[in-house]
Amino acid sequence: MDFARVLAESGLTKIELASMYGVSRQSVHGWAFVGPPRANSLLARQAEVITQALIVAVERGLLPLEAMDKTARRERVTKMAARLQGLKPAPVR
């Protein structure tokens, strides 16, 4: 599963992933253990696009983030989250 790969390889915490997806930490935890959101919902389609973007970041070596202080990391994650949440959702299948 792609989300499991992001969770394992991105080096991001569940709280950071939650900010990337625009959901709560509990939602990320649920997706990791129960499964993704309901198929074809707006949230599922948005999560699909964000997951694919994070996988590309892992494959290109942009993630995991290099060592940095907490403030710099928080700023970097916030910028990434803003950009990812601006992506268009995947089309309905």
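Look above for the structure.
A quick note: this is a predicted structure, and the numbers were derived from the prediction, not measured.

Q: Give me the lowdown on the nonpolar core, citing residues and values where you can.
A: In this structure, Leu12, Leu17, Met20, Tyr21, Leu54 and Leu63 are the most contacted members of the largest nonpolar core, which totals 22 residues. Listing elements by their share of this core, those giving two or more residues are helix 1 (2–9), helix 2 (14–21), helix 3 (25–33), helix 4 (42–59) and helix 5 (70–85). Once residues within four sequence positions are removed from consideration, Met20 is found in contact with Leu12, Ile50, Val77, Met80, Ala81, Leu84 and Gln85.

Q: Kindly report on the packing of helix 2 against helix 5, identifying the contributing residues and their values.
A: Here helix 2 crosses helix 5 at 35°, and the two axes come no closer than 7 Å. Here helix 2 contributes Glu16, Ser19, Met20 and Tyr21 to the contact with helix 5, which in turn contributes Arg73, Val77, Met80, Ala81, Leu84 and Gln85. Of the residues belonging to the contact of helix 2 with helix 5, the class tally is 6 nonpolar, 2 polar and 2 charged.

Q: An account of the environment of Val28 is needed here, citing residue identities and associated values.
A: Note on placement: Val28 falls in helix 3. For Val28, a relative accessible area of 0% corresponds to the buried category. Spatially, the C-alpha atoms of Val28 and Glu16 are 9.8 Å apart, while their sequence positions differ by 12 residues.

Q: Break down the packing of aromatic side chains for me, with residues and values.
A: Counted by the stated rule, this structure contains 3 aromatic pairs. Summarising the aromatic geometry, the rings of Phe3 and Tyr21 are spaced 5.7 Å apart at their centres and angled 70° between planes, so their arrangement reads as edge-to-face. With a gap of 18 residues between them, Phe3 in helix 1 and Tyr21 in helix 2 connect regions that are remote in the sequence. Side by side, Phe3 and Tyr21 carry an identical accessibility label, which is buried.

Q: Talk me through the packing of helix 2 against helix 3; I want residue IDs and the actual numbers.
A: It is at 8 Å that the axes of helix 2 and helix 3 come closest, and there the two elements cross at 100°. Classified by the angle between their axes, helix 2 and helix 3 sit roughly perpendicular to one another. In this structure, helix 2 uses Lys14, Ile15, Leu17, Ala18 and Tyr21 to contact helix 3, whose residues at the interface are Arg25, Val28, His29, Trp31 and Phe33. A class-by-class count of the residues in the contact of helix 2 with helix 3 yields 7 nonpolar, 1 polar and 2 charged.

Q: Any chance you could break down the side chain of Thr51 for me, citing the residues and the numbers?
A: Mapped onto the secondary structure, Thr51 falls in helix 4. At 2.7 Å, the side chain of Thr51 and the backbone oxygen of Ala47 are in polar contact. Beyond its immediate chain neighbours, meaning those up to four positions away, Thr51 contacts Asp2, Phe3, Val6 and Tyr21.

Q: So what's going on with the pattern of salt bridges? Residues and values would help.
A: If you walk through the whole model with that rule in mind, you get 4 salt bridges. Glu59 is paired through a salt bridge with Arg5; the nearest N and O atoms lie 3.1 Å apart. Of this pair, Glu59 sits in helix 4 while Arg5 sits in helix 1, and the two are 54 residues apart along the sequence. Of the residues examined, Glu59 reaches a relative accessible area of 54% and is grouped as exposed. With a shortest N-O distance of 3.2 Å, Arg76 and Glu66 are connected by a salt bridge. With Arg76 in helix 5 and Glu66 in the loop between helix 4 and helix 5, this residue pair connects regions lying 10 residues apart in the sequence.

What counts, and where the lines are drawn
- Residues numbered from 1 in each chain as written.
- Predicted model: local features only at pLDDT ≥ 70, side-chain atom pairs only at ≥ 80, totals over all residues.
- Heavy atoms only, no water.
- Core = buried A, V, L, I, M, F, W, Y, C linked by side-chain atoms within 4.5 Å.
- Buried < 20%, exposed > 50% of the residue type's maximum accessible area, 1.4 Å probe, protein only.
- Helix = DSSP H or I, 4+ residues; strand = E, 2+ residues; numbered from the N terminus.
- Contact = heavy atoms within 4.5 Å.
- Axes fitted to C-alpha atoms, helices over the stretch in contact; angles between N-to-C directions.
- Nonpolar A, V, L, I, M, F, W, Y, C, P; charged D, E, K, R; others polar.
- Phe/Tyr/Trp six-rings, centres within 6.5 Å; stacked < 30°, edge-to-face > 60°.
- Parallel < 35°, antiparallel > 145°, perpendicular 65-115°, else oblique.
- Polar contact = N/O pair within 3.5 Å; in protein donor to acceptor, adjacent residues only side chain to side chain.
- Salt bridge = Lys/Arg side-chain N within 4 Å of Asp/Glu carboxyl O.

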